[in-house]
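# Structural characterization, general
Each chain, written out:
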Amino acid sequence: PPRPRDAPLGSGALRWPVQLVSARYEIAVVGSVTWALARGASLVLAQTMVMNTMVVLEIFHLFYIRNIHGTSLTRAAVRGTKVIWTVVIAVTFAQLGVTYLPPLQRLLVTESVPLTEGAVILATGLAFFAILEAEKQLRLRLFRPRA
(Lines give C-alpha, C1' and ligand atoms only; values in the text may rest on other atoms or scores of the structure.)
Protein backbone atom coordinates (compact mmCIF):
# COMPACT_ATOMS: atom_id res chain seq x y z
CA PRO A 1 0.00 0.00 0.00
CA PRO A 2 1.09 3.60 -0.46
CA ARG A 3 2.74 5.32 2.46
CA PRO A 4 0.70 7.73 4.60
CA ARG A 5 0.95 11.36 3.44
CA ASP A 6 2.75 12.46 6.60
CA ALA A 7 5.29 9.60 6.51
CA PRO A 8 8.85 10.42 5.41
CA LEU A 9 9.91 9.45 1.89
CA GLY A 10 12.79 7.37 3.15
CA SER A 11 12.30 4.84 5.91
CA GLY A 12 15.16 3.50 8.01
CA ALA A 13 15.02 0.27 6.02
CA LEU A 14 15.40 2.23 2.78
CA ARG A 15 18.14 4.58 3.97
CA TRP A 16 20.75 1.85 4.46
CA PRO A 17 20.64 0.48 0.87
CA VAL A 18 20.58 4.01 -0.58
CA GLN A 19 23.61 5.03 1.50
CA LEU A 20 25.44 1.82 0.64
CA VAL A 21 24.87 2.23 -3.09
CA SER A 22 25.78 5.93 -2.97
CA ALA A 23 29.03 5.20 -1.14
CA ARG A 24 29.92 2.46 -3.63
CA TYR A 25 29.21 4.80 -6.56
CA GLU A 26 31.40 7.48 -5.04
CA ILE A 27 34.26 5.07 -4.40
CA ALA A 28 34.03 3.65 -7.94
CA VAL A 29 33.85 7.04 -9.65
CA VAL A 30 36.58 8.71 -7.60
CA GLY A 31 38.69 5.57 -7.92
CA SER A 32 38.20 5.49 -11.68
CA VAL A 33 39.26 9.09 -12.29
CA THR A 34 42.13 8.88 -9.78
CA TRP A 35 43.42 5.65 -11.31
CA ALA A 36 43.19 7.03 -14.86
CA LEU A 37 44.99 10.27 -14.04
CA ALA A 38 47.67 8.41 -12.04
CA ARG A 39 48.35 6.28 -15.13
CA GLY A 40 48.89 9.43 -17.20
CA ALA A 41 45.52 9.51 -18.98
CA SER A 42 44.28 12.78 -20.36
CA LEU A 43 41.49 14.57 -18.51
CA VAL A 44 39.12 13.74 -21.40
CA LEU A 45 39.96 10.02 -21.16
CA ALA A 46 39.53 10.11 -17.38
CA GLN A 47 36.12 11.76 -17.80
CA THR A 48 35.14 9.19 -20.45
CA MET A 49 36.16 6.41 -18.07
CA VAL A 50 34.03 7.94 -15.31
CA MET A 51 31.05 8.14 -17.67
CA ASN A 52 31.53 4.50 -18.68
CA THR A 53 31.95 3.47 -15.05
CA MET A 54 28.66 5.18 -14.16
CA VAL A 55 26.83 3.40 -17.00
CA VAL A 56 28.26 0.00 -16.03
CA LEU A 57 27.33 0.59 -12.37
CA GLU A 58 23.80 1.56 -13.39
CA ILE A 59 23.41 -1.62 -15.45
CA PHE A 60 24.57 -3.82 -12.58
CA HIS A 61 22.46 -1.83 -10.13
CA LEU A 62 19.42 -2.47 -12.32
CA PHE A 63 19.85 -6.22 -11.90
CA TYR A 64 20.44 -5.83 -8.15
CA ILE A 65 17.38 -3.65 -7.57
CA ARG A 66 15.07 -5.68 -9.83
CA ASN A 67 15.27 -8.51 -7.32
CA ILE A 68 15.58 -6.50 -4.11
CA HIS A 69 13.69 -9.11 -2.02
CA GLY A 70 15.54 -12.16 -3.34
CA THR A 71 18.70 -13.26 -5.05
CA SER A 72 19.65 -11.78 -8.40
CA LEU A 73 21.64 -14.90 -9.25
CA THR A 74 18.94 -17.32 -10.35
CA ARG A 75 18.23 -18.31 -13.92
CA ALA A 76 14.80 -16.64 -13.75
CA ALA A 77 16.26 -13.43 -12.32
CA VAL A 78 19.00 -13.25 -14.94
CA ARG A 79 16.58 -13.95 -17.78
CA GLY A 80 14.30 -11.22 -16.46
CA THR A 81 12.12 -9.64 -19.07
CA LYS A 82 12.87 -8.96 -22.71
CA VAL A 83 12.43 -5.23 -22.11
CA ILE A 84 15.24 -5.16 -19.53
CA TRP A 85 17.66 -6.91 -21.88
CA THR A 86 16.56 -4.76 -24.81
CA VAL A 87 17.29 -1.62 -22.79
CA VAL A 88 20.64 -2.96 -21.52
CA ILE A 89 21.71 -3.83 -25.07
CA ALA A 90 20.55 -0.44 -26.40
CA VAL A 91 22.36 1.44 -23.63
CA THR A 92 25.51 -0.63 -24.19
CA PHE A 93 25.56 0.11 -27.93
CA ALA A 94 24.87 3.79 -27.30
CA GLN A 95 27.70 3.89 -24.76
CA LEU A 96 30.07 2.17 -27.19
CA GLY A 97 29.10 4.72 -29.84
CA VAL A 98 29.73 7.67 -27.54
CA THR A 99 33.06 6.16 -26.51
CA TYR A 100 34.42 4.94 -29.85
CA LEU A 101 32.73 6.66 -32.81
CA PRO A 102 34.76 9.72 -33.91
CA PRO A 103 31.75 11.93 -34.78
CA LEU A 104 30.24 11.33 -31.34
CA GLN A 105 33.65 11.72 -29.69
CA ARG A 106 34.02 15.18 -31.24
CA LEU A 107 30.46 16.18 -30.38
CA LEU A 108 30.54 14.92 -26.77
CA VAL A 109 34.28 15.39 -26.12
CA THR A 110 35.11 11.78 -25.31
CA GLU A 111 38.12 9.59 -25.99
CA SER A 112 38.42 5.90 -26.81
CA VAL A 113 38.93 3.81 -23.69
CA PRO A 114 41.79 1.29 -24.09
CA LEU A 115 40.96 -2.40 -23.63
CA THR A 116 42.77 -2.69 -20.28
CA GLU A 117 40.88 0.27 -18.82
CA GLY A 118 37.63 -1.08 -20.25
CA ALA A 119 38.26 -4.40 -18.51
CA VAL A 120 38.89 -2.55 -15.24
CA ILE A 121 35.61 -0.66 -15.66
CA LEU A 122 33.74 -3.94 -16.21
CA ALA A 123 35.50 -5.55 -13.24
CA THR A 124 34.51 -2.54 -11.12
CA GLY A 125 30.89 -3.13 -12.10
CA LEU A 126 31.11 -6.82 -11.24
CA ALA A 127 32.69 -6.04 -7.86
CA PHE A 128 30.00 -3.42 -7.21
CA PHE A 129 27.30 -5.99 -7.99
CA ALA A 130 28.95 -8.69 -5.87
CA ILE A 131 29.23 -6.40 -2.84
CA LEU A 132 25.63 -5.22 -3.14
CA GLU A 133 24.33 -8.74 -3.68
CA ALA A 134 26.31 -10.09 -0.70
CA GLU A 135 24.96 -7.29 1.50
CA LYS A 136 21.42 -7.98 0.27
CA GLN A 137 21.66 -11.69 1.02
CA LEU A 138 23.02 -10.97 4.50
CA ARG A 139 20.26 -8.42 5.13
CA LEU A 140 17.57 -10.81 3.91
CA ARG A 141 18.86 -13.58 6.18
CA LEU A 142 19.20 -11.37 9.24
CA PHE A 143 15.96 -9.46 8.88
CA ARG A 144 13.67 -12.05 7.30
CA PRO A 145 10.15 -11.60 8.66
CA ARG A 146 9.17 -14.30 11.16
CA ALA A 147 6.28 -16.55 10.10
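This write-up is about the structure you can find in this document. (Residues numbered from 1 in each chain as written. Predicted model: local features only at pLDDT ≥ 70, side-chain atom pairs only at ≥ 80, totals over all residues. Heavy atoms only, no water.)

With that settled, the discussion passes to the layout of surface pockets. Picture a little ball the size of a water molecule; that probe, rolled over the atoms, points out where space is still empty. The computed volume of the largest pocket comes to approximately 430 Å³. Around the largest pocket, the lining comprises 19 residues; the ones closest to its centre are Val56, Thr92, Leu96, Ile121 and Leu122. Sorting the residues of the lining of the largest pocket by element identifies helix H2 (43-66), helix H4 (82-100) and helix H6 (115-142) as the ones contributing at least two each. (1 Å grid on protein atoms, 1.4 Å probe; cavity = no way out; pocket = protein on both sides within 12 Å on 5 of 7 lines; lining within 4 Å. Points joined across faces, edges and corners; volume = space filled by probe spheres on them. Helix = DSSP H or I, 4+ residues; strand = E, 2+ residues; numbered from the N terminus.)

With that out of the way, let us pick up the side chain of Asn67. Mapped onto the elements, Asn67 comes out in the loop between H2 and helix H3 (75-79). For Asn67, a relative accessible area of 17% translates into the label buried. Those residues in contact with Asn67 that sit more than four places away from it in its chain are Ser72, Ala77 and Lys136. (Buried < 20%, exposed > 50% of the residue type's maximum accessible area, 1.4 Å probe, protein only. Contact = heavy atoms within 4.5 Å.)

Our focus in this paragraph is H6. Residues three or four positions apart in an α-helix share a direction because the helix packs 3.6 residues into each turn. Its 28 residues place the ends of H6 40 Å apart at the C-alpha level, agreeing with the 40 Å of an ideal helix rising 1.5 Å per residue. Within the span of H6, buried status applies to Glu117, Ile121, Gly125, Phe128, Phe129, Leu132, Glu133, Glu135, Lys136, Gln137, Arg139 and Leu140. (Expected span 1.5 Å × (residues − 1).)

The subject of this paragraph is unusual backbone geometry. For residues besides glycine, phi is generally negative; the peptide bonds are generally trans as well. Located in the positive-phi region is Val109, a residue other than glycine, with phi close to 55°. Examined against the element boundaries, Val109 turns out to sit in the loop between helix H5 (102-108) and H6.

Taken as a whole, this structure holds three aromatic pairs when the rule is applied. Both rings, one in Phe60 and one in Phe129, keep their centres 6.0 Å apart while their planes meet at 40°; by these two values the pair is tilted. Separated by 69 residues along the polypeptide, Phe60 in helix H2 and Phe129 in helix H6 bring together distant segments of the chain. Of the residues examined, Phe60 reaches a relative accessible area of 16% and is grouped as buried. According to the relative accessible area criterion, Phe129 is buried, its value standing at 12%. Ring geometry for Phe63 versus Trp85: centroids 5.0 Å apart, planes at 40°, classification tilted. A residue pair is termed long-range when its members are at least 10 positions apart, and Phe63 in helix H2 and Trp85 in helix H4 qualify at 22 residues. Residue Phe63 is classed as buried on the basis of its relative accessible area of 13%. (Phe/Tyr/Trp six-rings, centres within 6.5 Å; stacked < 30°, edge-to-face > 60°.)

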